[in-house]
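One-letter residues, chain by chain:
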Amino acid sequence: MSDWDPRPTRTMKRRRSSSGPKEISPKQPKASGLKTLIIDNGSYTIKAGYSTDTEPQNIPNCIMKAKSERKRLFVGKQIDECRDCSGLYFLLPCERGYITRWEVQKPVWDHVFSKNVCPIEENPVVVTQPLINFKSIQDCMDEIFFEEYEVQSLFRCNPADLAYLHYAKDNKLTKSDACLVVDTGFSFTHVVPYIRGCKFLRAIRRLNVGGKLLTNHLKDIISYRQYNVMEETYVINQVKEDTCYVCSDIKQELAEAAKPLKSNSIVKNYVLPDFNMIRRGFIQDPNKKEPQEESYQILRLNNERFVVPEILFHPSDIGMKSMGIAEAVVKSIMSSPKEHRQSLAKNIILVGGNCKFPGFKVRMYAELRSLLPDSWEVKLFQDENPITYPWKGGRALLRTHDFRSHLVTKKDYEELGSTITQERFNNFMLDDSLLEPEKEDKPKETYRYLRTLEPRVFGKNEIINSVSDIIKVDNEEQKDEGGSGEREDVNKIVEEGEQELNLHEGGRKQGRPMKNKGSEELLPTEEEEVENDLLQSSELFPFGNTSYL
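A few points on the structure. Keep in mind that this is a model prediction, so the values were computed, not measured. (Residues numbered from 1 in each chain as written. Predicted model: local features only at pLDDT ≥ 70, side-chain atom pairs only at ≥ 80, totals over all residues. Heavy atoms only, no water.)

Moving on: the pairing of strand β1 (residues 37–41). Burial of β1 is extensive: five of the five residues sit out of reach of the surface. Across the two faces of β1 the burial is the same, with Leu-37, Ile-39 and Asn-41 and Ile-38 and Asp-40 all buried. As judged from the five bridges shared by β1 and strand β2 (residues 45–50), these two strands associate in the antiparallel manner. Bridge pairing in β2 places Ile-39 opposite Ala-48. In this structure, the hairpin formed by β1 and β2 is closed by a connection of three residues. Two elements, β1 and strand β9 (residues 125–128), share three bridges in a ladder whose sense is parallel. Across the sheet, residue Leu-37 finds its bridge partner in β9, namely Val-125. (Buried < 20%, exposed > 50% of the residue type's maximum accessible area, 1.4 Å probe, protein only. Helix = DSSP H or I, 4+ residues; strand = E, 2+ residues; numbered from the N terminus. Pairing = 2+ DSSP bridges.)

Written out as structure tokens, the structure is:
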């Protein structure tokens, strides 16, 4: 019995089982073949669709209430059914890019996952979340998706991750190639560098500048100059999208805008919608006359067209203490390791709704070209539709070899709770161990006030007593050890210190010149007395005395 080996019989059984086609276990489908529901949950619009679709559906991420139909709330795409969109009241679920009002976000998701839009069924779900999301928000998202919608498997990531995967797949980037994603959307702008396939956290930059800020500023300008449009957010947002552009030279454009109307090429007349005959406004053609032109309500736009998008590059124009997008990109590149900086400048991806302004890419290139070294090569990439570009990167995510290992199933969530989601989702494309650790700086010496205070505040005798106490302790230790060579050196130092103090104080009391080591010192002047003043001492108060008094 001891010589019996079961391995031959097991191999025979495997051969017999594999010979019959009916007994073959079905192979698991590859991740790329999975029909997955991809949701790019933006602050302004939700891009939702299946991985088999070519384009996603753009659904407004808000609940709207109209003056004409006060009893009804319009959720998501239901705004198309509204007859009069003037004076719409918006309920937004996000504040500065983070979900803060779940009573608004939950009905919008119910609309997105309905049968008429994108039902979940039993498909895996990929949802995007803002960068550095709060743990409480992540826990609420997991609870809603697993317990309310009962999804079978879930994965959360950042929109910048999807944009990077899409760009890396199309351009066949290797791990040695670095890439930088500029995501400028409704609430904020993120600059995220990717080095060796992972986010480099120390170089990420965030700006609280987005499309919402531009729309509100345009409302202020138009309300001050022409009409009161403070309640027409929906219409003014369309005006911004149809007429605004990014100029290449702000001074030249301002000079052009100051010309008379006949010779001014910037002034445009925008026909406002009346929601009867005109559903969406349009720019009026000066050469074409229409029969209903007299009934049009026209909005004349001049320098507002380029001044409003200029906030993206110079937020200080409206009093914000923040840097512009181009400066944030340069600071992000310079905060990265030196060996990857040139590679980051070669692969810059522009995504988000603000990239759709005409001239944005040209202006961005001009700004970066002037701020980065001349020897570096600068390349910018912008898709035809930068809004849906991250969503299309979801299909590149499904083709990664380890996508299945990152999915969290409903069974995993019921057993381990939010710990498993935090571990898998937040560590995705995040590994600083691949980078070389920076050299540790030398420990900074702490500033000690006592050494500076002793000769000025305390008397000479107190200093000598304190020094003598130290010497006594030193002598006792040396007696125990049997050494006496260092004691003489210490006594010499103390005697020299006493002589210097006597010379310094004696010269000051007698009011006559002092001699010290062959050099004559004059009586203290007014400037020296100011220096001797404790309040004016830069040694005692290196950061100014106002903060201490």
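Once the structure has been displayed, the description carries forward.
Turning our attention to helix α2 (residues 102–112). Considered for burial, the residues of α2 that qualify are Val-104, Gln-105, Val-108, Trp-109, His-111 and Val-112. Here the buried residues of α2 occupy an arc of 155° about the axis, which is enough to place them on one side. (Arc of directions from axis to C-beta.)

What follows covers the sheet that holds strand β4 (residues 63–65). Strand-to-strand pairing in sheets goes through backbone hydrogen bonds, with the strands running parallel or antiparallel. Overall, antiparallel pairing links the three strands, which are arranged β5-β4-β6 in an open sheet. Because the sheet does not close on itself, it has two edges, and the strands there are β5 (74–75) and β6 (89–91). Here β4 pairs with β5 via two bridges, running antiparallel. Across the sheet, the residue bridging to Ile-63 is Val-75, located in β5.

Coordinates in, geometry out; function isn't part of it.
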